Amino acid sequence: MDEAQKKPARVSAKKKQEFKFEPLKIPNHQLTDSWWGNAWNRNLESYADYASRLSRGREELLGGALLGLCLDNAHNGDIMALVQGTRKKPNQVLVRIQPLAPEKWQQIISLCENQISHLGILLEGRFSPELGEIFLNQKFGLFPSAGEIVMACSCPDWSHICKHVATVLYAIGVKLDTNPALLFELRGVNIHDLLVKSAESKLENLFKQAQHNSTRIIADEYIEKLFNL
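This structure is a prediction, so every number in the text was calculated from the model and none was measured.

1. Description of the environment of His 75
At step 1: Tracing the sequence through the fold places His 75 in the loop between strand S1 (66-70) and strand S2 (78-83).
At step 2: Residues His 75 and Glu 185 lie 110 residues apart in sequence; the distance between their C-alpha atoms is 5.3 Å.
At step 3: A polar side-chain atom of His 75 sits 3.3 Å from a polar atom in the side chain of Asn 76.

2. Topic: the sheet that holds S1
At step 1: Reading across the sheet, the four strands line up as S1-S2-S3-S4 and stay open at both edges, with antiparallel pairing between neighbours. Because the sheet does not close on itself, it has two edges, and the strands there are S1 and strand S4 (149-153). Going across the sheet, the axis of each strand differs from the next one's by a mean of 15°, ignoring polarity.
At step 2: Relative to strand S3 (residues 91-97), S2 runs antiparallel, the two being bridged by six bridges. Residue pairing for S3: Ile 79 is matched across the bridge by Val 95.

3. What to know about the nonpolar core
At step 1: Ranked by size, the top nonpolar core spans 57 residues in total, and within it Trp 36, Val 95, Ile 108, Leu 122, Phe 135, Leu 142 and Leu 194 carry the most contacts.
At step 2: Here this core takes nine residues from helix H7 (residues 163-178), the largest share from any one element.
At step 3: With near-sequence residues (within four places) excluded, Trp 36 lies in contact with Leu 122, Leu 123, Gly 125, Phe 127, Phe 135, Leu 142, Phe 143, Leu 176, Pro 180, Leu 183 and Phe 184.

4. Section: the pairing of S1
Here is the key point about a regular strand: its side chains alternate between the two faces of the sheet.
At step 1: Within S1, four of the five residues are buried, which leaves the element mostly enclosed by the surrounding structure.
At step 2: Bridge analysis of S1 against S2 gives four bridges, and the strand direction is antiparallel. Within the sheet, the bridge partner assigned to Gly 68 lies in S2 and is Leu 82.

5. Considering the pattern of salt bridges
At step 1: Evaluation of the coordinates by the stated rule reveals seven salt bridges.
At step 2: Its salt-bridge partner being Lys 163, residue Glu 60 comes within 3.9 Å of it at the nearest N-O pair. Pair noted here: Glu 60 is in helix H3 (residues 51-62) and Lys 163 is in helix H7, with a separation of 103 residues, a long-range link. Here the two residues Glu 60 and Lys 163 agree in accessibility, since each one is buried.
At step 3: Bridged by salt links that share partners, the residues Lys 104, Glu 148 and Arg 187 form one connected network.

6. Notes on the packing of aromatic side chains
At step 1: By the definition in use, this model includes ten aromatic pairs.
At step 2: Judged by centre distance (6.1 Å) and plane angle (65°), the ring pair of Trp 35 and Phe 143 falls under edge-to-face. With Trp 35 in helix H2 (residues 35-45) and Phe 143 in the loop between helix H6 (129-136) and S4, this pair connects stretches of sequence that are 108 residues apart.
At step 3: For Phe 143, a relative accessible area of 3% puts it in the buried group.
At step 4: Look at Trp 36 and Phe 127: their rings are 6.0 Å apart centre to centre, the planes differ by 80°, and that puts the pair in the edge-to-face class. Of this pair, Trp 36 sits in helix H2 while Phe 127 sits in the loop between helix H5 (119-124) and H6, and the two are 91 residues apart along the sequence. The burial state of Trp 36 is the same as that of Phe 127; both residues are buried.
At step 5: Through a chain of ring-to-ring contacts, three or more aromatic side chains come together here, namely Trp 35, Trp 36, Trp 105, Phe 127, Phe 135, Phe 143 and Phe 184.
At step 6: One Lys or Arg, Arg 58, reaches over the ring of Tyr 170 and ends 4.8 Å from the middle of that ring.

Cut-off values and rules
- Residues numbered from 1 in each chain as written.
- Predicted model: local features only at pLDDT ≥ 70, side-chain atom pairs only at ≥ 80, totals over all residues.
- Heavy atoms only, no water.
- Helix = DSSP H or I, 4+ residues; strand = E, 2+ residues; numbered from the N terminus.
- Polar contact = N/O pair within 3.5 Å; in protein donor to acceptor, adjacent residues only side chain to side chain.
- Pairing = 2+ DSSP bridges.
- Axes fitted to C-alpha atoms, helices over the stretch in contact; angles between N-to-C directions.
- Core = buried A, V, L, I, M, F, W, Y, C linked by side-chain atoms within 4.5 Å.
- Buried < 20%, exposed > 50% of the residue type's maximum accessible area, 1.4 Å probe, protein only.
- Contact = heavy atoms within 4.5 Å.
- Salt bridge = Lys/Arg side-chain N within 4 Å of Asp/Glu carboxyl O.
- Phe/Tyr/Trp six-rings, centres within 6.5 Å; stacked < 30°, edge-to-face > 60°.
- Lys NZ or Arg CZ within 6 Å of the ring centre and 35° of its normal.

Below is the structure:
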C-alpha cells in the first residue's frame, strides 16, 4: 500500500451532518451466520497481511467500539464509520472496495451461466459448492483481494491495518448477513446481470431440447419447466 492510501481519514463536521451513521446490531459472538457474511470473513482471514490485526478488530466490534456505519456512498465502493478508541473523540474510518474489473465480472457471469434460478436463492446463499468457489476465487472472484481494499483511519496508528479499520472490515461481514446485495454494490456490478444471463441460457436450452421432440410442438414437460409450473 502506498503512502497516499495510508493517509488518515478526516471527515469535516459539515460532512458528518450530511452522512447518516447508523448503529450496527451484532447478532452473536460468531458475528455472521449467512454464507455471504461467513465468506466475507473467510476471505479477509485468508490474507497473511491481515492476520496480526484482524483479531483485535473482532474483539473491538464485539465490545461495542463501532459507533456508527455509513453506507451512503456504497455505490462508489465506500463505507465510512465512527469507531471509539482510547481517545475521547471517535476515530473516523474509511474502507474503499475497488470496483470489479469488467472482464472479471463477465467471466463470473459466464461461469455462473444456467446455475441460478432466481434472486432469492442467490441472496440466501443456497447454491452449489461449485458456484461458491467461483465467487470466492482469489483471481477472478467477487470478493476483493487484499490489494483491492483501500483503508484509512484518523487514529495515530499508521500500521497497514489498525484495529479500528479491522473493526469496520468485520462490520461489513455483519451487514452482508442481512444484505448480500451490498457486496455487488461495493464491487460496482449489477446483481441482475447474473440472473438475466442465467435465464437466457436456461430458456435457450429448453427450446433446444424441445426441438428434438418436434419441429412444431413444445412438449408439456418443457412448458412446465419454462414457466415453473
